[in-house]
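Each chain, written out:
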Amino acid sequence: MENIIVVLVITAVFVFGYYVMRAVDRFLLENERRMTKEMEKKKPLVVRLSGNMSLEEIDKEIDKFRKDHINFEIILIEKSGMM
């Protein structure tokens, strides 16, 4: 009789744990989706333009950035071996 009770209790714990973990998985998945959507909506604060880009490509990137950010400045830095 005791063995049956132990088996029933263990089975109940596993079933309860399964449903709790399923709910946690759903919550984590929804949270990840929401965070991904928020990150996609955020506008970049930095644009890196490499020296091997054409002037047309650089101009397009600056124009895209200018549409989202009114006040910006362009700083040109030579990449050294330390970076």
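Residues numbered from 1 in each chain as written. Predicted model: local features only at pLDDT ≥ 70, side-chain atom pairs only at ≥ 80, totals over all residues. Heavy atoms only, no water.

Here we look at the overall build of the chain
This is how it is decided: Secondary structure elements follow DSSP: runs of H or I of four or more residues count as helices, runs of E of two or more count as strands, with numbering from the N terminus. Note on method: radius of gyration uses C-alpha positions; expected globular size equals 2.2 Å times residues raised to 0.38. Note that accessible areas follow from Shrake-Rupley with a 1.4 Å probe, and for residues the cover is restricted to the protein chains shown. Only four residue types enter the tally: Lys and Arg on the positive side, Asp and Glu on the negative side; His and the chain ends are excluded. To locate a charge, the coordinates of NZ of Lys, CZ of Arg, CG of Asp or CD of Glu are taken.
In terms of helices and strands, the chain carries 2 helices and 0 strands. Relative to the globule expectation of 12 Å for 83 residues, the C-alpha radius of gyration of the chain, 27 Å, shows a markedly less compact shape. By principal-axis analysis of the C-alpha atoms, the chain measures approximately 80 × 35 × 20 Å. Total accessible area computed for the chain in this model is approximately 8,500 Å², and 63% of it derives from carbon and sulfur atoms. Of the side-chain charges in the chain, 14 are positive and 14 negative, and the distance between the mean point of each set is 5 Å.

A few points about a nonpolar patch on the surface
The following threshold applies: Patch membership needs two things, relative accessible area over 30% and no salt bridge, and members are linked within 9 Å if like-charged or within 5 Å if nonpolar (Val, Leu, Ile, Met, Phe, Trp, Tyr). In what follows, salt bridge is the name for a side-chain nitrogen of Lys or Arg lying within 4 Å of a carboxyl oxygen of Asp or Glu. Each residue gets one of three labels from its accessible area relative to the maximum for its type: buried under 20%, exposed over 50%, partly exposed in between, using a 1.4 Å probe on protein chains only.
Side chains of F16, V20, M21, V24, F27 and L28 sit close together on the surface and give an oily, nonpolar patch of about 600 Å² of accessible area. Tracing the sequence through the fold places F16 in helix 1 (residues 2–41). Judged by its relative accessible area of 59%, F16 is exposed.

Regarding the pattern of salt bridges
By the definition in use, this model includes 3 salt bridges. Residue R66 is joined to D63 by a salt bridge in which the shortest nitrogen-to-oxygen separation is 3.6 Å. Here D63 and R66 lie together in helix 2 (residues 55–68), a separation of 3 residues that amounts to about one turn. A residue is classified by how much of its surface remains accessible, and R66, at 45% relative accessible area, is partly exposed.

Overview of the environment of I10
Examined against the element boundaries, I10 turns out to sit in helix 1. Owing to a relative accessible area of 42%, I10 belongs among the partly exposed residues under this scheme. Spatially, the C-alpha atoms of I10 and F27 are 26 Å apart, while their sequence positions differ by 17 residues.

Some thoughts on the packing of aromatic side chains
We apply this condition: Pairing of aromatic rings covers Phe, Tyr and the six-membered ring of Trp, with a centre-to-centre limit of 6.5 Å; geometry is then stacked below 30 degrees between planes, edge-to-face above 60, and tilted otherwise.
Enumeration according to the criterion identifies 2 aromatic pairs in this entry. A centroid spacing of 5.3 Å and a plane angle of 75° characterise the contact between Y18 and Y19, whose relative ring orientation is edge-to-face.

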